[in-house]
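Chain and residue survey
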2 protein chains.
Amino acid sequence: MSLFKPDLSLYLVTDKQSARGKDLLEVVESALQGGVTTVQVRDKDSGAFEIVTFCKAVKLMTDRFDAALIVDDRVDVAIAAGADGVHLGDQDIPPGLARSLMGRGAIIGATAASIEMAMEAEEQGADYIGVGPFKPTSTKPGHADPLGIEGLARIGSSVSIPWVAIGGITARDAEAIIRAGASGIAVASAICGAEDPKTAAEEIKRAIKEGIGVS
Amino acid sequence: MSLFKPDLSLYLVTDKQSARGKDLLEVVESALQGGVTTVQVRDKDSGAFEIVTFCKAVKLMTDRFDAALIVDDRVDVAIAAGADGVHLGDQDIPPGLARSLMGRGAIIGATAASIEMAMEAEEQGADYIGVGPFKPTSTKPGHADPLGIEGLARIGSSVSIPWVAIGGITARDAEAIIRAGASGIAVASAICGAEDPKTAAEEIKRAIKEGIGVS
C-alpha cells in the first residue's frame, strides 16, 4: 500500500490513436486544466526512451496541477521518469514484484475484470484497481465482455481498496458509476478524442461531482 | 562499469520466430551444452509477466553453465527475473539510467551501429557494445546497412570496452570476426533456427577458438 493517496476521481489514460494527430502533451495539459486528477501514460508502441521523455514532460504538468502520474506496464520507465506509480494489467509484472522494485511510496494499480483478479490485486498490495470494461471500447479491442454498472460494482465492492471504472465511459455515465461506489472514472478516448479536451474533462468532472453529491 | 566480467565469446540471442515451434527453453539448454557463454532473452511480443517467467527458467540454466543472462530492453524485467544484466538499443532506456536502476553489479550492454553510438555507450558506462549488423539479417528487418568485417572493426576499435559482433553471422564468419578484435559472436537464427542447436553452437565455438588461437 502506498503512503501517498492520489486523487483518482478523474483519471485520464493517454491514447495517441484517439488524439488523431493532436499534440498529446497539449491534450494532457488541457485535460488537467479541465480537472483531470491522475494521468496514466499508456503507450504500447514507442520505445522506452521516447516514453520516458514524454512522461518527464507530463510530470512537470501533473506536478503543477497536483495530479498524479502513473505509467502503464513499464516499471522501469516509471522509475526512470520519476512517475508517481505504475498501472499493471494481468500480462504485466505482478503488483507485489512492482512494489519491491518501486518501494512503498509508489502508487500501484492493477486491472481487474473479475472478483478473483480484484482480490488477487488487493492481496498483492495494489493501491487501487481499474475495473472494466464498462462498455465495449475502441481503445482496447479484443477486450473482455462489458460489465455494465452492476458488474463494475460487484467487482469493485469485493475489495476494500479504491476502484476506478474504465471502458467506454462518457460524461453521461459518470454520475451513476460514482453513485455505484467508484472512486473515479478513467477515460481515454472521451478526452483524448474530444475536439476540446478541457471542456470534455470539465463535463465528466461535473458529472462526478453530481455523483459524489458535491455540486 | 560492472564488477562482474561476463564471458561474451558465444552470445545467444533468443528468437522465437527462427525457433519455429521448437521449445525455446530446450533450444537454450542445448545451446548452453554446445558452449554458449551468454544468453540474451529478446522478446518484443510477450507481456512482461511471461518474459519474467521465461527468464527465471533460463536463469536456472545459465547458473548451471556459469553463463550470464541478459534481458533485452526491459530493465524492470531484468531486475524482476534476477538477470545478470540488460541489453539496450538506441530506442531503449539509456545505459546511464539503466545503471542507476540496476546498480554496479549489473552488466549493461548497448547497441552500436556507428562510432558515435559506440563512444556514447562507453561514456554512459556500458560494459560492452553489440556492433552490427555484420550482414543483412532476417531477425531484425529494417535494420541499418551491413558493416562487414572492416566496418565492425572500425566501430569496435573506437572504444576500450569489449564488443560483440551481431547480424547474420554463421560459423564460417566467426573466426575472422574474432581475429578482427571482437570479444564475442552474437547469434540468433544461426542457433535458434538450427535443427540441432547444440551442434550449431559447437561449430561456432570451434571457429571462435580458432580465431583466438586456442584449439
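These remarks concern the structure in this document. (Residues numbered from 1 in each chain as written. Chains lettered and ligands numbered in written order. Predicted model: local features only at pLDDT ≥ 70, side-chain atom pairs only at ≥ 80, totals over all residues. Heavy atoms only, no water.)

Further remarks concern the overall build of chain A. Summing up its helical and strand segments, chain A has ten helices and eight strands in all. For a compact globule of 215 residues, the expected C-alpha radius of gyration is about 17 Å, and chain A comes in at 16 Å, within 12% of that figure. Along the three orthogonal principal directions, the C-alpha set of chain A runs to about 40 × 40 × 35 Å. Residues classed as buried in chain A amount to 55% of the 215 residues present. (Helix = DSSP H or I, 4+ residues; strand = E, 2+ residues; numbered from the N terminus. Rg over C-alpha atoms; globule rule 2.2 N^0.38 Å. Buried < 20%, exposed > 50% of the residue type's maximum accessible area, 1.4 Å probe, protein only.)

As a general point, the strands of a sheet are linked pairwise by backbone hydrogen bonds and lie either parallel or antiparallel. Residue and element names in this part refer to chain A. Pairing is parallel around the closed barrel formed by eight strands, whose spatial order is S1-S2-S3-S4-S5-S6-S7-S8. If you compare each strand with its neighbour and ignore which way they point, the axes differ by 25° on average. Strand direction decides the pairing type here: strand S1 (residues 10-13) and strand S2 (residues 38-41), joined by three bridges, are parallel. Bridged to leucine 12 within S2 is valine 39. (Pairing = 2+ DSSP bridges. Axes fitted to C-alpha atoms, helices over the stretch in contact; angles between N-to-C directions.)

With that settled, consider the interface of chain B and chain A. Tallying the contact residues gives 18 residues for chain B and 18 residues for chain A. Summing both sides of the interface, chain B and chain A together bury roughly 1400 Å²; the carbon and sulfur share of this comes to 68%. The tally of links from chain B across to chain A stands at two salt bridges. With a closest N to O distance of 3.1 Å, arginine 74 of chain A and aspartate 73 of chain B form a salt bridge. Applying the counting criterion to the chain B and chain A interface returns nine residue pairs in polar contact (both at pLDDT 80 or more). Considering each element in turn, the side of chain B that touches chain A owes the most residues, five residues, to helix H4 (residues 75-81) of chain B. Of the residues contributing to the side of chain B that touches chain A, the split by class is eleven nonpolar, two polar and five charged. (Contact = heavy atoms within 4.5 Å. Buried area = accessible area lost by both parts, 1.4 Å probe. Salt bridge = Lys/Arg side-chain N within 4 Å of Asp/Glu carboxyl O. Polar contact = N/O pair within 3.5 Å; in protein donor to acceptor, adjacent residues only side chain to side chain. Nonpolar A, V, L, I, M, F, W, Y, C, P; charged D, E, K, R; others polar.)

Let us look at the packing of helix H2 (residues 24-33) of chain B against helix H3 (residues 48-64) of chain B. Residues and elements named next belong to chain B. Direction vectors running N to C along H2 and H3 enclose 15°, while the axes themselves pass 10 Å from each other. The orientation of H2 relative to H3 falls into the category roughly parallel. Taken as a pair, H2 and H3 cross one another with a handedness that is right-handed. Where H2 abuts H3, its residues Leu24, Leu25, Val28, Glu29 and Leu32 lie against Phe54, Ala57, Val58, Met61, Thr62 and Arg64. Within the contact of H2 with H3, the residues separate by chemical class into eight nonpolar, one polar and two charged. (Parallel < 35°, antiparallel > 145°, perpendicular 65-115°, else oblique. Left-handed = near helix turned anticlockwise from the far one by under 90°.)

We now examine the relation of the copies chain B and chain A. Rotating chain B by 180° about the axis while translating it 0.0 Å along that axis superimposes it on chain A, leaving an RMSD of 0.0 Å. With respect to symmetry, the two chain copies, as superposed, fit the operation of a two-fold axis. Scanning chain B for the C-alpha nearest the rotation axis identifies aspartate 76 of chain B, at a separation of 2.4 Å. When the interface residues of chain B are mapped onto chain A, 100% of them are again interface residues, pointing to one common binding face. (Least-squares fit on C-alpha atoms with pLDDT ≥ 70 in both.)

Look at the link from glycine 132 of chain A to proline 133 of chain A: it is a cis peptide, with omega at 5°. By secondary structure assignment, the location of proline 133 of chain A is in the loop between strand S6 (128-131) and helix H7 (148-156). Its identity as a non-glycine residue notwithstanding, aspartate 66 of chain B has a phi of 60°, on the positive side. Phi angles above zero are rare outside glycine, and aspartate 73 of chain B is one such case at about 70°. Examined against the element boundaries, aspartate 73 of chain B turns out to sit in the loop between strand S3 (68-72) and H4. For aspartate 73 of chain B, a relative accessible area of 10% translates into the label buried.

Residue position: aspartate 173 of chain A is located in helix H8 (residues 171-179). Discounting chain neighbours no more than four positions away, the residues touching aspartate 173 of chain A are Phe134, Lys135 and Gly168 of chain A.

Residues and elements named next belong to chain B. Structurally, leucine 10 is set in strand S1 (residues 10-13). Note on leucine 10: relative accessible area 0%, which makes it buried. Sequence separation of leucine 10 and leucine 32 is 22 residues, and the distance between their C-alpha atoms is 9.5 Å. Excluding residues that lie within four positions of it along the chain, leucine 10 makes contacts with Gly35, Val36, Thr37, Thr38, Ile185, Val187, Ala201, Ile204, Lys205 and Ile208.

Turning our attention to the sheet that holds S3 of chain B. All names here are of chain B. On the basis of which strands lie adjacent, the closed barrel formed by eight strands has the order S1-S2-S3-S4-S5-S6-S7-S8 and parallel pairing. Taken over all neighbouring pairs, the strand axes of this sheet differ in orientation by 25° on average, direction set aside. In this sheet, strand S8 (residues 184-187) lies alongside strand S7 (residues 163-166) in parallel orientation, the contact comprising three bridges. Paired with valine 164 across the two strands is glycine 184, which belongs to S8. Seen against the sheet, helix H7 (residues 148-156) touches strand S5 (107-112), strand S6 (128-131) and S7 and runs at an angle of roughly 155° to S7.

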